[in-house]
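Secondary and tertiary structure notes
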Amino acid sequence: MPLLFGLPVPEAVDAAESGDLALGGCLLPDQPPNWQCPQRHRWNDADEGAWDERLLAVLSAHGYSEADVQPD
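Each value, and the rule that gives it
Residues numbered from 1 in each chain as written. Predicted model: local features only at pLDDT ≥ 70, side-chain atom pairs only at ≥ 80, totals over all residues. Heavy atoms only, no water. Helix = DSSP H or I, 4+ residues; strand = E, 2+ residues; numbered from the N terminus. Contact = heavy atoms within 4.5 Å. Areas by Shrake-Rupley, 256 points an atom, 1.4 Å probe, with all protein chains shown as cover. Core = buried A, V, L, I, M, F, W, Y, C linked by side-chain atoms within 4.5 Å. Buried < 20%, exposed > 50% of the residue type's maximum accessible area, 1.4 Å probe, protein only. Patch = residues over 30% accessible without salt bridge, like charges linked within 9 Å, V, L, I, M, F, W, Y side chains within 5 Å. Salt bridge = Lys/Arg side-chain N within 4 Å of Asp/Glu carboxyl O. Lys, Arg positive; Asp, Glu negative; His and termini not counted. Charge placed at Lys NZ, Arg CZ, Asp CG, Glu CD. pLDDT = per-residue confidence, 0-100.

**A word on the overall build of the protein**
Per the secondary structure count, the protein includes two helices and four strands. Secondary structure elements in the protein, listed N-terminal to C-terminal, are β-α-β-β-β-α. Counting only C-alpha atoms, the protein reaches 30 × 30 × 20 Å along its principal axes. Excluding contacts between residues fewer than 6 apart, the proportion of contacts in the protein whose partners are at least 24 apart in sequence is 43%. Summed over its atoms, the accessible surface of the protein is roughly 5,000 Å², and 52% of this surface lies on carbon and sulfur atoms.

**Describing the nonpolar core**
In this structure, L4, A12, A15, L21, W35, W51, L55, V58, L59 and Y64 together form the largest nonpolar core, which totals 10 residues. The dominant element in this core, judged by the number of residues it contributes, is helix α2 (residues 48-61), at four residues.

**Considerations on a negative patch on the surface**
Residues D45, D47, E48, D52 and E53 make up a contiguous surface patch of negative charge. With respect to the element layout, D45 can be found in the loop between β4 (42-43) and α2.

**A look at unusual backbone geometry**
Of note in this structure, R40 is not a glycine but carries a positive phi near 70 degrees. Its location among the elements puts R40 in the loop between β3 (35-36) and β4.

**Some points on the environment of A15**
Looking at where A15 falls in the secondary structure, it is placed in helix α1 (residues 10-17). Separated by 47 residues in sequence, A15 and H62 place their C-alpha atoms 6.3 Å apart. Excluding residues within four positions of it along the chain, A15 makes contact with D20, L21, V58 and H62.

**Here's the deal with the environment of L28**
Residue placement: L28 occurs in the loop between β2 (22-25) and β3. Note on L28: relative accessible area 58%, which makes it exposed. C-alpha separation for the pair L28 and L4, spaced 24 residues apart in sequence, amounts to 9.6 Å.

**Focus on the confidence of the model for the protein**
With 92% of its residues at a pLDDT of at least 70, the protein reaches an overall mean of 92. Mean pLDDT per element in the protein: α2 is the minimum at 95, and α1 is the maximum at 97.

This is how it looks when you write it as structure tokens:
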């Protein structure tokens, strides 16, 4: 499942509670992993595109919309 660091949006919290997403905490390690299995093994896959697609699919399934993001 995708592993997300930082302050999560409400949909990410919901996805984590459902077991669809792993929350890594607020502190980003020097070489952050981007995936985690149910046994909490973590690893980094260099294919960021696959991670982005899966993360967006999981968040969207929990009600997230990119339209909800406020530009800076």
